[in-house]
Amino acid sequence: MELKQLKYFVEVAKREHISEAALELNVAQSAVSRHIHNLENELETSLFYRRGRNVFLTAEGKQLLAYAQQILEQVDHTLSQFQTQVQQQQSVFTIGYVNGSIGQILPQVLQTIENELSLSLIPTLLDDNETLQALQAQEIDFALTTATTSDPTFETVPLFEETYVLYGDMHAPFMNVPNPPLSHLLKQPLYLLEPIPADFKTHLMTHADKPVRVLNDAQFARFILRNQKGFVLAPAFINLYSQNQQWKKISLSHTDFKKTLRLIYRRDLQKPLRQEVINIIMTHIQQRSIYH
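Cut-offs used in this document
Residues numbered from 1 in each chain as written. Predicted model: local features only at pLDDT ≥ 70, side-chain atom pairs only at ≥ 80, totals over all residues. Heavy atoms only, no water. Axes fitted to C-alpha atoms, helices over the stretch in contact; angles between N-to-C directions. Helix = DSSP H or I, 4+ residues; strand = E, 2+ residues; numbered from the N terminus. Parallel < 35°, antiparallel > 145°, perpendicular 65-115°, else oblique. Left-handed = near helix turned anticlockwise from the far one by under 90°. Contact = heavy atoms within 4.5 Å. Patch = residues over 30% accessible without salt bridge, like charges linked within 9 Å, V, L, I, M, F, W, Y side chains within 5 Å. Areas by Shrake-Rupley, 256 points an atom, 1.4 Å probe, with all protein chains shown as cover. Salt bridge = Lys/Arg side-chain N within 4 Å of Asp/Glu carboxyl O. Buried < 20%, exposed > 50% of the residue type's maximum accessible area, 1.4 Å probe, protein only.

**Q** So what exactly am I meant to see when it comes to the packing of helix H1 (residues 3–15) against helix H2 (residues 18–25) here?
**A** Their axes nearest at 8 Å, the elements H1 and H2 cross at an angle of 125 degrees. One way to sum up the angle between H1 and H2 is to call them oblique. Helix-helix and strand crossings are classified by hand; for H1 and H2 the assignment is right-handed. Where H1 abuts H2, its residues Lys7, Tyr8, Glu11, Val12 and Arg15 lie against Ile18, Glu20, Ala21, Glu24 and Leu25.

Next up, the structure:
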């Protein structure tokens, strides 16, 4: 028994006429007659009897009609549910992002996208490796990450550079050298204020002359600076200045201590308004990062 047979059967039962049912179904009358005949053979019973040019349900036909209508209604409901689910998925974008200055910019960008395109966006915090893995597994649609990839299935768009700064006693000789080399920094007592990329952290801890310690709170960093316990390396978007300024800030943008934040997505991402989302992300993040 096939769904098509049940559909043809119900249409004939409603119209009590094979040719009118065929016209409504937009198929040949012979095709309708054949499906009804095959259905009767399979069930080993007559479903209709003729009276003139019309056909009418037998007792067995009436019994099948009740079942057939329930089955077709359930099929229609199931299809509708899946179509609705697909439509909802098409209007939702998932964005993985890494810890850093992008977290300060992203909420406003996502709000702009939702307002202008009537889409829903779901952000999730990941590390660099997780963003690429999540993209490959299609768990996220976009990644805002400092990771790099040569995978040809991904499209990569550079957005801006994530830079870092050094805070220290304003009278320390090191803080008054123009563009001090990183090798000089490695000779100083050093604290790292998160978020710091894992590879940078490993390099500093491996090559520093003194133990490198990690902080995760700006208040602790200010305590270190206030009491001249060492130098604090921090992302440029974190401001450690206070009203009673006792320390100085220098940029490390002249060193290799910087990362490029990228927008990465699968080339085969097939969702409505995909390009519009990409355009807003690129435009707004690049504009906002200038002032951040």
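**Q** What exactly am I supposed to notice about the environment of glutamate 40 here?
**A** Note that glutamate 40 resides in helix H3 (residues 29–43). If near-sequence neighbours (up to four positions away) are discounted, glutamate 40 is found in contact with Thr45, Ser46, Leu47 and Phe48.

**Q** How should I be thinking about a nonpolar patch on the surface in this particular structure?
**A** A cluster of nonpolar residues, Leu3, Tyr67 and Ile71, forms a patch on the protein surface that exposes about 280 Å² of accessible area. Along the chain, isoleucine 71 falls in helix H4 (residues 59–90). For isoleucine 71, a relative accessible area of 36% translates into the label partly exposed.

**Q** What's the story with unusual backbone geometry in this structure? I'm lost.
**A** The general pattern is negative phi for most residues beyond glycine and trans for most peptide bonds. A cis amide bond, omega 5 degrees, links glutamate 194 with the succeeding residue proline 195. Relative to the helices and strands, proline 195 resides in the loop between strand S7 (190–193) and helix H8 (198–207). Although it is not a glycine, glutamate 16 sits at a positive phi angle of roughly 55 degrees. As for its position among the elements, glutamate 16 is in the loop between H1 and H2. Judged by its relative accessible area of 32%, glutamate 16 falls in the partly exposed class. Positive phi, close to 50 degrees, is recorded for glutamine 228, a residue that is not glycine. Note that glutamine 228 resides in the loop between helix H9 (218–226) and strand S9 (231–235).

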